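Observations on the three-dimensional arrangement
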Amino acid sequence: MKLNKIFKSVCFENKIDLQINKFLICIIFPLFASSCAASGNINQIYIRANQVGYLPNDLKTAVVFSENPITDLKFEVKNLTNNKTVFNDNLKKSKLSYSKFKYCYYADFSNLTAQGNYKIEVDGTNSYPLKIGKNLYNKVVDSLMLFFREQRCGPTNPILHKPCHLSDVVRLIGDEGHKGGVDLTGGWHDAGDYIKFLSTAAYTTYMLMFSYEFDKSKFNFDEDKDGIPDVLEEAKVGLDWLLRCNYSKYKLVTQVMDLRDHEVGWRLPENDTLQYDRPGFVGMGKNQIGIFAATMALASRVWSERFKKYDFAKQCLDAAENLYSIRDQVPNIDTSGTGMYRDNTFWGKLALSAVELYLTTNQQKYLTDAVTYADSAGSDYWWSYGNINSLADYRLGKIYPRFSKYILNNLISFNLNKDSSAFNVGLAYSWGTTNALLGVSLQAILYKNLTGSSAYDSLALDQRDYVLGRNPWGLSFIYNIGTDFPKHLHSQVAYFHGGYLPGALTAGPAPEYILSQYQMKRENHKYDFFNSETVKYYDDRWDYITNEPTITGNATALFVYGYYSH
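What you see is a predicted model; the values in this text were computed from it and never measured. (Residues numbered from 1 in each chain as written. Predicted model: local features only at pLDDT ≥ 70, side-chain atom pairs only at ≥ 80, totals over all residues. Heavy atoms only, no water.)

We now examine the packing of helix α5 (residues 286–307) against helix α7 (residues 347–361). The contact between α5 and α7 brings their axes to 7 Å, and the two run at 25 degrees. When the interaxial angle is binned, α5 and α7 end up roughly parallel. For the element pair α5 and α7, the recorded crossing hand is left-handed. Mapping the contact onto sequence places Lys286, Asn287, Ile289, Gly290, Ile291, Ala293, Ala294, Ala297, Leu298, Ser300 and Arg301 in α5 and Lys349, Leu350, Leu352, Ser353, Glu356, Leu357, Leu359 and Thr360 in α7. Of the residues belonging to the contact of α5 with α7, the class tally is 10 nonpolar, five polar and four charged. (Axes fitted to C-alpha atoms, helices over the stretch in contact; angles between N-to-C directions. Helix = DSSP H or I, 4+ residues; strand = E, 2+ residues; numbered from the N terminus. Parallel < 35°, antiparallel > 145°, perpendicular 65-115°, else oblique. Left-handed = near helix turned anticlockwise from the far one by under 90°. Contact = heavy atoms within 4.5 Å. Nonpolar A, V, L, I, M, F, W, Y, C, P; charged D, E, K, R; others polar.)

Here you go:
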């Protein structure tokens, strides 16, 4: 079965890593306790760095913070093998602070380029181990890919659970003229629950293919040796389901299952008591047409060029052109379903569909539309499943360089936010912070590819590193990546496997004003010491705001960490 070999290999290695980590923590905990503790007294110093590590030529910085001033402002980087100092310098005082930690500093060791295993030491306090090397992000990419396998629904050869929801869907809501259900098996569960959404599935599918087309040398990996790049093999899971969603020439199912999914208790998907009563919602908006047509147009091009599968390529292109042709006959924003993942704009997605159709067909009318829509969209100053204007601007920027300025506007805004944060956060905290921050990195990467400018390298790296441990909580927000990572994800599959969920990127810290709107019980307060009055994170299985992984977050992460892979 596809990918079983790599799954077993990575799972085996991950489980061994867990055991080794537990052993090492017991042995070396006295050395690292001051930095690693989840709670502590006012005299402690905390060191936060990327727990995966740094490429040799990366900008390499760590954040050091405390409630009291640090008297000895020297820091050392020591070789873990022999405890010898290989680099030392003075800490740089930040003008900014974080919550009760009024004293923040930066340790810059960018000039250290030798590959090896290290730790940072400040006034007797040690960081978690970190590495410098060329291949550090390969294992991150492998792990991120496994998460999609776990999220698979239907008869798609999932991992960690059996084939499930084999009767999707029993009836349609919003198409009263259609009698009975349609075959909507397959695809991915969106997050920790078992609902499926067209918007997030299309974004995920698009990003898998976009990553491949962006850099075929890095995203051409084929771990199961079946001749198909793994990212395209996974994208096919999404494509097959999306085509089923287009059950009639001009119609779409935008959501499978309703909110009853959240009311029946935790269970593995194959044991879902509602599996024979899962409806599909029919809807249509310019936003839905945009992301669906963009995904199908790109699929047509990739499957034609890479696999010479011309019949499948035509099927995808026909679906894209059919729906694009009725874009002016539908509402701006789709309002079907239960109100989740509702866009607030559509111009950027229409621009993306038009430019992908142009690149696939070479028809000038699509390019004309793309320019009009992208100019209407402008800069969106954000990143999420619904704010992806920069993808269209990147495509158009290859044709008309002026479109890179829309991405530049975003980056200037992100840099201003970064400069006002002790941890160099490029965007305001939100629901889905890790996806948003990695979207900042993604846009910096796109801009560099378009212009050759390295001006925003540090912005990209700060967001990359934040997600992997350079944050107040000292956590890598990807399961089993780094030394300390979430153990209690809001995922039913993870819960029934003792918390195990390889490659899951959790949503990350969220603002208190959002958290206060929802009543959630919590069992784990391990990281409360580092929560502020305005921003909080909980490694708790009940917390669906800060601790739930999603396919969209993983899709963004795959592009970013794939870019830094070797």
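And the narrative resumes.
Time to look at the packing of aromatic side chains. Tallied over the full model, the rule gives 50 aromatic pairs. Ring geometry for Tyr203 and Trp383: centres 6.4 Å apart, planes at 65 degrees, overall edge-to-face. Of this pair, Tyr203 sits in helix α3 (residues 198–214) while Trp383 sits in the loop between α8 (364–377) and α9 (389–397), and the two are 180 residues apart along the sequence. This pair shows no difference in class: Tyr203 is buried, exactly as Trp383 is. Ring centres 5.9 Å apart and planes at 35 degrees place the aromatic pair Trp347 and Tyr373 in the tilted group. Here Trp347, found in helix α7, pairs with Tyr373, found in helix α8; they are 26 residues apart in sequence, far enough to count as distant. (Phe/Tyr/Trp six-rings, centres within 6.5 Å; stacked < 30°, edge-to-face > 60°. Buried < 20%, exposed > 50% of the residue type's maximum accessible area, 1.4 Å probe, protein only.)

Pairing of strand β3 (residues 74–79) with strand β4 (residues 85–90), which is carried by five bridges, proceeds in the antiparallel orientation. Its bridge partner being in β4, Lys78 is matched across the sheet by Thr85. Between β3 and β4, which pair antiparallel one after the other, the connecting turn spans five residues, and Asn83 there sits at a positive phi close to 65 degrees. Here β3 runs beside strand β7 (residues 116–122); their pairing, made up of five bridges, is antiparallel. When the sheet's bridge partners are listed, Glu76 is paired in β7 with Glu121. (Pairing = 2+ DSSP bridges.)

In this section: unusual backbone geometry. Most peptide bonds adopt trans geometry, and most residues besides glycine take a negative phi value. Omega for the peptide link from Asp168 to Val169 comes to -10 degrees, which places this bond in the cis form. Residue placement: Val169 occurs in the loop between α2 (138–151) and β10 (172–173). Its identity is not glycine, yet Asn157 carries a phi of approximately 60 degrees, on the positive side. Examined against the element boundaries, Asn157 turns out to sit in the loop between α2 and β10. Here Tyr341, not a glycine, exhibits a phi torsion of approximately 55 degrees, which is positive. Here Tyr341 is to be found in the loop between α6 (310–324) and α7. Exposure remark for Tyr341: the relative accessible area of 23% places this residue in the partly exposed category.

Once that is clear, we can look at the nonpolar core. Residues Phe210, Leu391, Trp473 and Tyr561 are the most contacted members of the largest nonpolar core, which totals 148 residues. If near-sequence neighbours (up to four positions away) are discounted, Phe210 is found in contact with Leu298, Leu391, Tyr394, Arg395, Leu446 and Phe559. In terms of nonpolar packing, the next biggest core, distinct from the first, is built from 20 residues, Ala49, Val77, Ala107 and Val122 among them. (Core = buried A, V, L, I, M, F, W, Y, C linked by side-chain atoms within 4.5 Å.)

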